[in-house]
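Chain by chain, the residues run as shown.
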Amino acid sequence: MLRIYPSLELGRIGLCFYNLEQGVGLISTRIRMMSSAPVRVRFAPSPTGQLHLGGLRTALYNYLFAKARGGSFILRIEDTDRSRFVPGATENLENILDWIGVKPDESPSKGGDYGPYFQSHRLDIYTKYVNQLIDGGHAYKCFCTERRLELLKREAARTRTSNIYDRRCLSLSEGQIKEKEESGVSYTVRFKLSSITEPVNDLVYGPVVHDVFQFEGDPIILKSDGFPTYHLANVIDDHLMGISHVLRGAEWQVSTPKHVLLYRAFGWNPPEFAHLPLILNQDGSKLSKRQDDLHILSLRENLYYPESILNFITLVGGGFEDKEYSLRNLFSMQELTTKFQLNRINSNSGKLEMERLGELNQVALRRRFDDPGERRVLIKSCRNLVIQAIPGVQDKFISDECIEKYLLWGLERIKTVKDLVNPDLLYLWTSPQTYETISLTKDTLSKIFEIYENSDDFKGFQKNLRSLCSILGLKFPVVMKDIRVLLTGRKEGPPLLEIIQILGREETLNRFKQYK
Ligand code: GLU
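Residues numbered from 1 in each chain as written. Predicted model: local features only at pLDDT ≥ 70, side-chain atom pairs only at ≥ 80, totals over all residues. Heavy atoms only, no water.

**Side note on the overall build of the chain**
Counting secondary structure elements, the chain contains 20 helices and 15 strands. Computed over its C-alpha atoms, the radius of gyration of the chain comes to 31 Å, more than 25% above the 24 Å expected for a compact globule of 516 residues. If one aligns the C-alpha atoms of the chain with their principal axes, the spans along those axes are about 105 × 50 × 45 Å. Evaluated residue by residue, the chain yields a buried proportion of 51% over its 516 residues. For the chain, the share of sequence-separated contacts (at least 6 apart) that also reach a separation of at least 24 residues comes to 75%. A total accessible area of about 25,100 Å² is found for the chain, and carbon and sulfur atoms account for 49% of it. The averaged location of the 64 negative side-chain charges in the chain is 3 Å from the averaged location of its 69 positive side-chain charges. (Helix = DSSP H or I, 4+ residues; strand = E, 2+ residues; numbered from the N terminus. Rg over C-alpha atoms; globule rule 2.2 N^0.38 Å. Buried < 20%, exposed > 50% of the residue type's maximum accessible area, 1.4 Å probe, protein only. Contact = heavy atoms within 4.5 Å. Areas by Shrake-Rupley, 256 points an atom, 1.4 Å probe, with all protein chains shown as cover. Lys, Arg positive; Asp, Glu negative; His and termini not counted. Charge placed at Lys NZ, Arg CZ, Asp CG, Glu CD.)

So this is what it looks like as C-alpha cells:
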C-alpha cells in the first residue's frame, strides 16, 4: 500500500510512505549494523536568536533519548551562515539549556573529544572532505555567475518548470577549471545528486521515499566564501562526532535523502533518523521566532519554572507512555526520561495550548511552596519583584510573614509569582493611590468605618452593615463594591471577605482612615 504524505507543510514534494513489508532495500541504519555503538545525539541549532519552545522540544527529546540509553547529548552550533549570526546567541542558549536542565555532555563551552563544536571553527575539516568528494567525482566546482543563475531561475519561472541547475560546470575540462581558478574566478562547489529510490527509514514516520534527484538541482555544498552549506557540514559533523541518531524537526525531513546521498558518496553509514512533528500555534499557524512569549528566556523572566515548561512541551506531539494532559502529570526529568518512547511520537503536527503552561506552573508553584527550602527562595524572589515594581514599598508588606501569607492566598489564583505584582493585585503591596468612583457620601462611609471598628469579625460587620443599609435605604451590593474600591482602588476583584482577610484588620482600618 502506498500512502501519500498527508501534509503540504513539507512543500511541493510528494513524500511517499510505504508500509514496512514493502520496505525492500531500506536505507540501513547504524544501530542495526553496529548495535554496540554508543548512543550519541545532538541538538544543532543555528545561533540566530533566542531558544523557543520548538527548539527546546528538539533539544529535550534528544536529551531524553540519550539519557534513557546511557548515551551522550551534544550541542553543536551550526553557524556557517554568517549573515544570520547573532552575537551572544550561543552563550544565551547554553545558559538557558543549563537553567532548564537539558544539559549537554559536550558543547562549545564544555568542550569534549569531538570538538570544535562551532561549525565555523571546523572550516579546514570541510575543505578536506569537499576535496575528497571532488576527487571521487561526487562534487564539482561551479563558476556560474550570480547573473547566469538568476537567468536560469527566471527562465524556469517563465516556463513554469523547476529551477534545476543545468550542470553546465560539470562538463568543464581540467584545463578550463585550472584557467578559471588561476584568473581568480570565484566558485562554489556543487554535490552531484543521483537518484535515490529506496525508502529512508524514519523512526517516527516509517519508511519514506523521496527521490530528491527528480525535484532539485545539484546543491551547493561549499559557498564561494569557503563556508560549507548546512547539508555538507551537518553530514560531516554527524559522522565525525559519532552521532548515532538524528532527532530533528519534521521541516528537515525533505533534506534527509540528500544527506543519505552524501553519506553514500563518502562511503559512510548514515545514522538513524527520527523527525519530530511540527509544532503549531493553537490557531494552526506556524510558530514564528518573533513570538516573544514562546522564547524560553521570556518564560523564565516571567517566572515559569523549568519543570512546567518541560512538561508543557511534552504535551505536544506525544512520545510518552501515559502522558496525557493532567495536572497530576508534572513529571521530573528522571520520570520523563523513563517514560519517553520514540515510537509513541505522533506524526501529526501538534498545537500549543498556552493556557496549559499556566496551569502546570500553578502546580509547580504549589509544590515549591510546600517545600520549606523552596518556600524561602520563593519569598525572596517575590520580595525582589515587589521592591522593583513598587519603589518605596513599606517594610511591613515585604516581611517574610506577609509575603508568605500572600503567596499562600495566591496559590489558587496566580500562575506565576510575577502575577502577584500585576496591576490588579497591587493593592496587596500598597494602599490605593487612586480610586475608581465611590458613590457613597463621606458621611455614610464614616458610619461604615465605625461599624467595622466595632465589629468582632466579618460576619458581625456584614450583619451590622445590612442593618445600616436598610436604615439608610442603601443597596447592600453597592455598598460592598464601594468598600472594595476603598480598600483596593478598584471595583472588580476578589470577594470583600477575602480582601479583608488578606489585608488584615489593622491594614483594613488604615485604608479606611486614609480615605477619610
Ligand atoms: N541547523 C539546523 C537547525 O537550525 C539543524 C537541523 C538538523 O538538526 O539537522 O535546526
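**Comments concerning the site of the ligand**
Around the ligand, the neighbouring residues are R42, A44, P45, S46, E78, Y230, N234, R248 and W252. One nitrogen or oxygen atom from the side chain of Y230 is found 2.8 Å from an oxygen atom belonging to the ligand. Take N234: an N or O atom from its side chain is 3.0 Å from an oxygen atom of the ligand. The protein chains hide 83% of the 300 Å² of surface that the ligand would expose on its own. When the residues that make up the shell around the ligand are grouped by side-chain class, the tally is four nonpolar, two polar and three charged. (Near = heavy atom within 4 Å. Polar contact = N/O pair within 3.5 Å; in protein donor to acceptor, adjacent residues only side chain to side chain. Nonpolar A, V, L, I, M, F, W, Y, C, P; charged D, E, K, R; others polar.)

**Considering unusual backbone geometry**
Going from G115 to P116, the amide bond is cis rather than trans, its omega being -5°. Relative to the elements of secondary structure, P116 occurs in the loop between α3 (89-100) and α4 (123-135). In this structure, R160 takes a positive phi of about 55° despite not being glycine. As for its position among the elements, R160 is in the loop between α5 (146-158) and α6 (174-182).

**Some remarks on the pairing of strand β4 (residues 72-75)**
Of the two faces of β4, the one carrying S72 and I74 and the one carrying F73 and L75 are both buried. Running through helix α2 (residues 53-68), the crossover from strand β3 (residues 40-43) to the neighbouring parallel element β4 is right-handed. (Right-handed = clockwise from strand over helix to strand, strands pointing away.)

**Topic: the sheet that holds strand β5 (residues 139-142)**
Judged by pairing direction, the sheet is antiparallel, and its three strands sit side by side in the order β5-β6-β9 without closing on themselves. Looking at strand neighbours, the two that pair on one side only are β5 and β9 (220-222), the edges of this open sheet. Sheet twist, expressed as the mean angle between neighbouring strand axes with direction ignored, is 45°. (Pairing = 2+ DSSP bridges. Axes fitted to C-alpha atoms, helices over the stretch in contact; angles between N-to-C directions.)

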